[in-house]
Amino acid sequence: MIPGGGQPNMQQLLQQAQKMQQDLAAAQEELARTEVEGQAGGGLVKATVNGSGELRALVIDPKAVDPEDTETLADLVVAAVQAANENASALQQQKLGPLAQGLGGGMPGLPF
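Quick caveat: nothing in here was measured; it's all calculated off a predicted structure. (Residues numbered from 1 in each chain as written. Predicted model: local features only at pLDDT ≥ 70, side-chain atom pairs only at ≥ 80, totals over all residues. Heavy atoms only, no water.)

Enquirer: What is the right way to read a nonpolar patch on the surface from this model?
Expert: Together, Leu-58, Ile-60 and Val-65 line one region of the surface with nonpolar side chains, adding up to about 220 Å² of accessible area. Tracing the backbone through its elements, the reader meets Ile-60 in strand E3 (residues 55-60). Of the residues examined, Ile-60 reaches a relative accessible area of 33% and is grouped as partly exposed. (Patch = residues over 30% accessible without salt bridge, like charges linked within 9 Å, V, L, I, M, F, W, Y side chains within 5 Å. Areas by Shrake-Rupley, 256 points an atom, 1.4 Å probe, with all protein chains shown as cover. Salt bridge = Lys/Arg side-chain N within 4 Å of Asp/Glu carboxyl O. Helix = DSSP H or I, 4+ residues; strand = E, 2+ residues; numbered from the N terminus. Buried < 20%, exposed > 50% of the residue type's maximum accessible area, 1.4 Å probe, protein only.)

Enquirer: Before we go on, may I ask you to explain a negative patch on the surface in this structure?
Expert: A surface patch of like charges, here negative, comprises Asp-66, Glu-68, Asp-69, Glu-71 and Asp-75. Secondary-structure assignment places Glu-71 in helix H2 (residues 70-102). Among the residues examined, Glu-71 registers a relative accessible area of 62% and is labelled exposed. (Lys, Arg positive; Asp, Glu negative; His and termini not counted. Charge placed at Lys NZ, Arg CZ, Asp CG, Glu CD.)

Enquirer: What is the right way to read the sheet that holds E3 from this model?
Expert: One key point about sheets: their strands pair by backbone hydrogen bonds, in either a parallel or an antiparallel sense. Taken in spatial order, the 3 strands make up an open sheet running E1-E2-E3, and their pairing is antiparallel. The open sheet has two edge strands, strand E1 (35-40) and E3, and neither has a second partner. In this sheet, adjacent strand axes meet at a mean angle of 15 degrees when their direction is disregarded. Sheet topology places strand E2 (residues 45-50) next to E3; 5 bridges connect them, and they run antiparallel. Looking at E3, one finds that Thr-48 is bridged to Ala-57. (Pairing = 2+ DSSP bridges. Axes fitted to C-alpha atoms, helices over the stretch in contact; angles between N-to-C directions.)

Enquirer: What am I meant to see in the pairing of E1 here?
Expert: Each regular strand carries side chains that alternate between the two faces of the sheet. Side chains Val-36, Gly-38 and Ala-40 of E1 all project onto a buried face; the interleaved residues Glu-35, Glu-37 and Gln-39 project onto a face where none is buried. Where E1 and E2 come together, 6 bridges link them in antiparallel fashion. From the neighbouring strand, Glu-37 faces E2, where its bridge partner is Thr-48. Counting the residues in the hairpin turn of E1 and E2 gives 4 residues, including Gly-41, whose phi is positive at 65 degrees.

Enquirer: What exactly am I supposed to notice about helix H1 (residues 10-33) here?
Expert: Structural remark: α-helix, 3.6 residues per turn; residues separated by three or four positions point the same way. Between its first and last C-alpha atoms H1 spans 35 Å; for 24 residues at 1.5 Å apiece the expected length is 34 Å, and the two agree. Within the sequence span of H1, burial applies to Leu-24, Ala-27 and Leu-31. One side-chain oxygen of the residue at the start of H1 lies 3.1 Å from the amide nitrogen of Gln-11, identifying that residue as Asn-9. (Expected span 1.5 Å × (residues − 1). Polar contact = N/O pair within 3.5 Å; in protein donor to acceptor, adjacent residues only side chain to side chain.)

Enquirer: Please explain the side chain of Thr-48 as it appears in this structure.
Expert: Relative to the assigned elements, Thr-48 resides in strand E2. Assessed through its relative accessible area of 15%, Thr-48 is described here as buried. Setting aside its immediate chain neighbours within four residues, Thr-48 contacts Glu-35, Val-36, Glu-37, Glu-54, Leu-55, Arg-56 and Ala-57. (Contact = heavy atoms within 4.5 Å.)

Enquirer: In this structure, what is going on with the nonpolar core? I would like to understand it.
Expert: The biggest cluster of nonpolar side chains holds 16 residues, and the ones touching the most others in it are Val-36, Val-45, Val-49, Ala-64, Leu-76, Ala-80 and Leu-96. Of all the elements in the fold, those that place two or more residues in this core are H1, E1, E2 and H2. Counting residues per element, this core draws most heavily on H2, at 7 residues. (Core = buried A, V, L, I, M, F, W, Y, C linked by side-chain atoms within 4.5 Å.)

Structural data, given as structure tokens:
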């Protein structure tokens, strides 16, 4: 109900919804193009993901490779990817959070 007893302007509401949808699509495209990095082991392993969390690159310093201890290397890879995904999640919140608030709260399927 609109204060003052008036009816909502459906055309205006539709235009606002379409603009929010366009803004959301633009933000999602930007996230897909933006890359963020996470690292572990003081930079021995670096993972790069896009803003959507898709792994794009993995760099392993030769000093991290010990054939006798592959478990540590695996742990460093997992930690670097997790750090990169945390950075991507923060970027998602920064880019998409204001749009979700404009829709009255969180959106199903999005991490905020």
